[in-house]
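# Observations on the three-dimensional arrangement
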Amino acid sequence: MSAGPGPLPAPPGQRRAARVRLAAAGAGIVAGAAGVLSGELAAGLLSPSLSPVSAVGSAVTDLAPPAAKDWAIQTFGTGDKAFLVTAIGIVLALLGAAAGLLELRRPGFGAALAGAVGLVGLAAVATRSLGAPAAWTCALLAGAVAVSLLRWLVGRLRRETAVSGQPPAGVPRRGFLRALGGTAAAVALGGVVTGVVRSASLAADAARAALRLPAPAQPAPPIPAGAEVGVPGVSDLVTANEGFYRIDTAFVVPSVDPGSWRLAVTGLVEQPVTITWADLLAQPLVERYVTLTCVSNEVGGNLVGNARWLGWPVRELLARARPRAGADMVLSRSVDGFTAGTPLEALTDPGRDALLAIGMNGAPLPPEHGFPVRLVVPGLYGYVSATKWVTELKVTTFAADQAYWSTRGWSEKGPIKTASRIDVPRRGSRVAAGEVVVAGVAWAQHRGISRVEVSVDDGAWQQARLGTGISRDTWYQWAAPVRLSAGRHRIAVRATDGDGQVQTSATAPPAPDGATGYDIIEVEAT
Ligand SMILES: Nc1nc2c(c(=O)[nH]1)N[C@H]1C(S)=C(S)[C@@H](COP(=O)(O)O)O[C@H]1N2
Ligand SMILES: [Mo]
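Keep in mind it's a predicted model, so treat the numbers as computed, not measured.

What counts and how
Residues numbered from 1 in each chain as written. Chains lettered and ligands numbered in written order. Predicted model: local features only at pLDDT ≥ 70, side-chain atom pairs only at ≥ 80, totals over all residues. Heavy atoms only, no water. Helix = DSSP H or I, 4+ residues; strand = E, 2+ residues; numbered from the N terminus. Buried < 20%, exposed > 50% of the residue type's maximum accessible area, 1.4 Å probe, protein only. Contact = heavy atoms within 4.5 Å. Areas by Shrake-Rupley, 256 points an atom, 1.4 Å probe, with all protein chains shown as cover. Salt bridge = Lys/Arg side-chain N within 4 Å of Asp/Glu carboxyl O. UniProt positions renumbered as here; feature names shortened; annotations may be inferred. Pairing = 2+ DSSP bridges. Axes fitted to C-alpha atoms, helices over the stretch in contact; angles between N-to-C directions. Phe/Tyr/Trp six-rings, centres within 6.5 Å; stacked < 30°, edge-to-face > 60°. Lys NZ or Arg CZ within 6 Å of the ring centre and 35° of its normal.

On to the overall build of the protein. Secondary structure summary: the protein contains eleven helices and 19 strands in total. Overall, the C-alpha framework of the protein stretches about 95 × 70 × 45 Å when taken along its three principal axes. Here the protein holds 526 residues, and 50% of them are scored as buried. Sequence separation of 24 or more characterises 74% of the internal contacts of the protein that already satisfy a separation of 6 or more. If you sum the accessible surface of the protein, you get close to 23500 Å²; carbon and sulfur atoms cover 60% of it.

Structure representation (structure tokens):
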């Protein structure tokens, strides 16, 4: 007959106190998670654009110094948002743990910390032009749930572990552990429900999947023979949707149901007009190849892509609204509050195919590229023209209105600068000495490219073979054979636009209106 395990020696008080602190920190994290999740769940039920986490993420993005943003884009590329969510998650967990510990020490103080975090969320929501009462409610709910759960859990922990006259150092009992476990389980379940609700709110996705684009009344002219230079490794003439660069301030990709989408033309017009998705589909649509470029693209960078867009010329819609004399800008607005300021004349010019695009390379716009409708304006950087998820065109003046990036130090006008890029050989690579084919792309949208030249080791400029342009609104492929002796070499490229202007060699950073300078690579020939 063996006696069961005998009573263990009581752990030293210190260890017990540490265990209580751990329990308090855990309670803080669980309470915080429950709060955040409630806010997200409420937002998911109402509209994804109300998400408090999303608002905080956007606020961080907006407030971050440009250098930090460039770093994030450079380091994480399209993963920069996942990085931000993870960072916010870690900060929230740390704050939750801190609130738990504080609440253990001084009841009410931890709750105050949690409340303060909630207020930050509320402030983010309030400043994100999401001032809607529903958005406030989601943030308030998140804060209230976190604060009350923290009070409840840590209060319970204190009572159960109280040692008279000393800091709590008893052993947390079943009651607390059950409360904590139950809350954690509820959080996990809530997470699943939120996920489901989120995906349900992506009804827009279903609508997109079911969509069949109308045939264009005016198809894009076929890609001319000779447009491809036929060098392996050179950028595809038409960029696949999956590989197309994505730049926007949207923390969560807005999901817009085409069934409830409206586009309103407002402001300085004789006749305000609103169109629906059905109205838009009923118009004679045109198809055009247009190369988009981001003003943030560094020399040699890849924030540029070429696609076949299907859409309705914006000028037709503006003509219905009849802009008043004096108007010189259209402030296009997205569902998420982003705005771009485009010169009115660029949108009304019959010679420039500015489109309300619904199709990209034969498919409905992908959600991250603006489904259901975006603007595409040949010749202008995206930040002043290419509004995704567009819902309003306000006819106005540059004097009266400023767009999103213009209030953040970027230029009001953003015509695309002539640029050229070396795709092959890869920078820093080794090549066999002898004849080496250098190839890449060049663009000067709406002016076109008339010549591309390369230079080896600062030697004479040699003319490259220029692919036939699809149109002056797209990029051009080019290729040039050069002779490389064994050793290290620098290869530079420059383009001349359709007006005969040679690309400037002066280097400039992206801000405030686009980078300049020659793309130069180094290779080692062996
Ligand atoms: N709604 C919305 N539209 C937007 C932006 C944005 O932040 N929000 N960014 C613009 C910028 S800066 C660029 S370069 C292009 C990029 O379009 P893409 O992501 O489809 O490549 O979208 C433009 N349209
Ligand atoms: Mo951009």
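For the structure on display, the rule yields 18 salt bridges. With its nearest N and O atoms 3.0 Å apart, the salt bridge here joins Glu-522 to Arg-488. Of this pair, Glu-522 sits in strand β19 (residues 519–525) while Arg-488 sits in strand β18 (residues 487–497); the two residues are 34 residues apart in sequence, bridging distant segments of the chain. A single network of salt bridges, built from pairs that share partners, joins Arg-246, Asp-248 and Lys-388.

This next bit is on the UniProt feature "transmembrane region" (unreviewed entry) in the protein. With numbering aligned to this structure, UniProt lists the feature "transmembrane region" (unreviewed entry) at residues 22–46, 82–102, 109–127, 133–154 and 175–197. When the span residues 82–102 is considered, its composition is 100% helix and 0% strand, and the gap between its end C-alpha atoms is 30 Å. Taken end to end, residues 133–154 is 100% helix and 0% strand, and its two terminal C-alpha atoms sit 31 Å from one another.

Turning to the sheet that holds strand β6 (residues 339–343), a few remarks are in order. Taking strand neighbours across the sheet as the criterion, the five strands line up as β2-β1-β10-β5-β6 in an open arrangement whose pairing is mixed. Strand pairing shows two members of the sheet lacking a second neighbour, β2 (273–276) and β6, which therefore form its edges. With strand direction ignored, the average angle separating the axes of adjacent strands in the sheet is 15 degrees. Sheet analysis places strand β5 (residues 329–334) next to strand β10 (residues 390–396), joined by six bridges and oriented antiparallel.

Moving on, we get to the UniProt feature "domain: Oxidoreductase molybdopterin-binding" (unreviewed entry) in the protein. Here, the residues flagged by UniProt with the feature "domain: Oxidoreductase molybdopterin-binding" (unreviewed entry) are residues 252–402. The distance separating the terminal C-alpha atoms of residues 252–402 is 24 Å; by composition the span is 12% helix and 38% strand.

The next point concerns the sheet that holds strand β16 (residues 465–466). Overall, antiparallel pairing links the four strands, which are arranged β11-β13-β17-β16 in an open sheet. Of all strands in the sheet, those with a lone pairing partner are β11 (419–424) and β16, marking the two edges. In this sheet, strand β13 (residues 434–443) lies alongside β11 in antiparallel orientation, the contact comprising five bridges. The partner of Ile-422 across the bridge, within β13, is Gly-440.

This part covers the pairing of strand β7 (residues 355–360). For β7, a buried count of six out of six residues is recorded, marking the element as mostly surrounded by other parts of the structure. Two elements, strand β4 (residues 304–313) and β7, share five bridges in a ladder whose sense is antiparallel. Paired with Trp-312 across the strands is Leu-356, a residue of β7. With three bridges connecting them, β7 and strand β9 (residues 374–376) associate as antiparallel partners.

The next thing to look at is the pairing of β19. Residue alternation in β19 divides its side chains into a buried set, Asp-519, Ile-521, Val-523 and Ala-525, and an unburied set, Ile-520, Glu-522 and Glu-524. Relative to β19, β18 is paired through seven bridges, and the arrangement is antiparallel. Bridge pairing in β19 places Arg-490 opposite Glu-522.

Below, the discussion takes up the packing of aromatic side chains. Ring pairs (aromatic) are described by centroid distance and by the angle formed between their planes. Following the criterion strictly, the structure yields nine aromatic pairs and no others. Here a set of aromatic residues connected by ring pairs shows up, and it is made of Phe-244, Tyr-245 and Trp-309. Over the face of the ring belonging to Phe-109 we find Arg-106, whose NZ or CZ atom lies 4.3 Å from the ring centre.

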